[in-house]
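# Examination of the molecular architecture
One-letter residues, chain by chain:
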Amino acid sequence: TEGFERYLSVLRGEITRLTILMRDLLDFGRPSRPDFSRCRMEEVVEAAVSACAPLARRKSVEIAWPRGAAPPPVLADRARVSQVLQNLIENAVHFSPQGGRVEVALRPDGDGQESWVECAVRDSGPGFDPTDLPRLFEPFFTRRRGGTGLGLSIVKRIVYDHGGEVAAENHESGGAVVKVRFRAVRP
């Protein structure tokens, strides 16, 4: 029965992998009609960090989320923005080494014309290969073993549906950083 247990274990792993792929394909193919409401980004970040905590524990990676002054609220679909942040934090956890750290930062941002709220997720991994940067948000492009290559494509689409911006880069002191910005609600 040892062979049978091994077979069951492989089967369970494949079912999990296929379930994740199907979920990502459905999210990617679903027409997006955000349900906008006024929301506080610090609450959305808190929920995403909590949702990713079990994965971080399994991978022995710390998620650092220093809560600062609350930025202004944004007009957004809370569930979809939470999905964006969960995707980014999960990716960061996967690319961080055991004992590594994922930093999540939230801050108000503005260019004089418009007010934004920016959320940056930084990992402690090797960073992006510079030749991959132009392709990161393409569907099915991935460097993560077992990844579907849809996570960042879904992130980009949700952020753009909100009139926001997304950017990826390497941090000067190591690791990768993905930043998303959403328009702040005018007071």
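What counts, and at which threshold
- Residues numbered from 1 in each chain as written.
- Predicted model: local features only at pLDDT ≥ 70, side-chain atom pairs only at ≥ 80, totals over all residues.
- Heavy atoms only, no water.
- Pairing = 2+ DSSP bridges.
- Helix = DSSP H or I, 4+ residues; strand = E, 2+ residues; numbered from the N terminus.
- Buried < 20%, exposed > 50% of the residue type's maximum accessible area, 1.4 Å probe, protein only.
- Polar contact = N/O pair within 3.5 Å; in protein donor to acceptor, adjacent residues only side chain to side chain.

## Re the pairing of strand β4 (residues 101-110)
By the bridge criterion, 3 bridges tie strand β2 (residues 62-64) to β4 in an arrangement that is parallel. Directly across from Glu62, in β4, lies its bridge partner Arg101. By the bridge criterion, 8 bridges tie β4 to strand β5 (residues 115-122) in an arrangement that is antiparallel. Bridged to Gly110 within β5 is Ser115. A loop of 4 residues connects β4 with β5, the two strands running antiparallel in sequence, and Gly112 in this loop sits at a positive phi of about 90°.

## Points about the side chain of Asp109
Tracing the backbone shows Asp109 in strand β4. With a relative accessible area of 19%, Asp109 lands in the buried category. In this structure the side chain of Asp109 is engaged in a polar contact, spanning 3.5 Å, whose partner is the side chain of Arg107.

In short, the description is geometric, and any link to function would need to be established separately.
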